[in-house]
Structures are given as C-alpha cells and as structure tokens.
Amino acid sequence: MGNSRFRPYESYRRNESSPLFLLDAYGLFWHLANFVAPAIGVGALSAALCKLCWRRSLTRAPWFTLAWQSSAAGLLVLVAGLILTRHDGKVVTYVALVIVCALVPWLRTIRR
C-alpha cells in the first residue's frame, strides 16, 4: 500500500498546503491540447457539413481552408469565454463555439 509505483497519478495531485500548483511539461501539453480540441473538432465538423450542404457555392474553397478558419475562430471564442467567465468548459462558451464555427463557412458562401 505504501508503494507509490501503483499509484501513477498521485504525483499530479494538488498539494493543498502550497498556494501555487505548477504543471510539468507533460501536464501542460495535455491541458492545452484538451483546451484546443473542441475548437478543432467543431471547426472540422462544421467545415465538412458546410461543404456537404453548400456544395455549389463552396466549390472553390478547400475543406482544409474552411476547417482552419472555423477552428481559429472557435479558438478565439474559447479564449474569450475563458477570460469572461473565468472558467473553462462553460455551456455558454460551447454554444458560442458552435455558432461561430458554423458562421465562418456560411459567411464564405455569402461573400462570393
């Protein structure tokens, strides 16, 4: 029971007596990857659905261009939601993420 090798995540627990909790590089990578993942996923999905629905008006726009533009706009929404609500993962932020990721390809159809 006293052997810590059977508890791999115990070293990542927050020490309640210390006022500052620092992440190592591995933990920081996964925190940032999990923060960015919804924007990339929703951006790619909205680009694919927009290419499917508006096939004729988006023939000149490659899927990758629509996906990175939607993902970049979604990432800006996630950062704004983090700053405004002071928490990650609020429903309001995710609703705004879906709306913005759908608006970016749609605006490309109107602009042409």
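Before reading on, note that the structure itself is shown above.
Note that the structure is a prediction, hence the values are computed from the model and not measured. The residue numbers shown here count from 1 along each chain, following its written sequence. Owing to the predicted nature of the model, reporting of local features is limited to residues with pLDDT of at least 70; listing and counting of side-chain atom pairs is limited to 80 or more, with chain, interface and lining totals taken over all residues. Based on all heavy atoms of the structure, the side-chain values leave hydrogens and waters out of the count.

### Looking at the overall build of the chain
This is how it is decided: Helix and strand labels come from DSSP, where a helix needs a run of H or I of at least four residues and a strand needs a run of E of at least two; each type is numbered from the N terminus. Three labels apply to residues, based on accessible area from a 1.4 Å probe with only protein chains included: buried if under 20% of the type maximum, exposed if over 50%, partly exposed otherwise in between. In this description, accessible areas are obtained by the Shrake-Rupley approach with a 1.4 Å probe, and a residue is regarded as covered only by the protein chains that are shown.
Of the regular secondary structure elements, the chain holds three helices and zero strands. Element order for the chain, N to C, with α for helix and β for strand: α-α-α. For the chain, the residues scored as buried account for 23% of the 112 residues in total. A total accessible area of about 8600 Å² is found for the chain, and carbon and sulfur atoms account for 68% of it.

### A few points about the layout of surface pockets
Note the cut-off: The distinction between a cavity and a pocket rests on a 1 Å grid over the protein atoms alone: a 1.4 Å probe fits inside a cavity but cannot get out, while a pocket stays open yet meets protein on both sides within 12 Å along at least five of seven lines, and a residue with an atom within 4 Å of a point counts as lining. Grid points are joined across faces, edges and corners, and a volume is the space filled by probe spheres set on the points. Each residue gets one label: Ala, Val, Leu, Ile, Met, Phe, Trp, Tyr, Cys and Pro are nonpolar, Asp, Glu, Lys and Arg are charged, and the others, such as Gly, are polar.
For the largest pocket, the calculated volume is near 150 Å³. Around the largest pocket, the lining residues are His 31, Leu 32, Asn 34, Phe 35, Leu 82 and Asp 88. Among the elements that make up the lining of the largest pocket, the one with the highest residue count is helix α1 (residues 25–53) (four residues). Considered class by class, the residues forming the lining of the largest pocket number three nonpolar, two polar and one charged.

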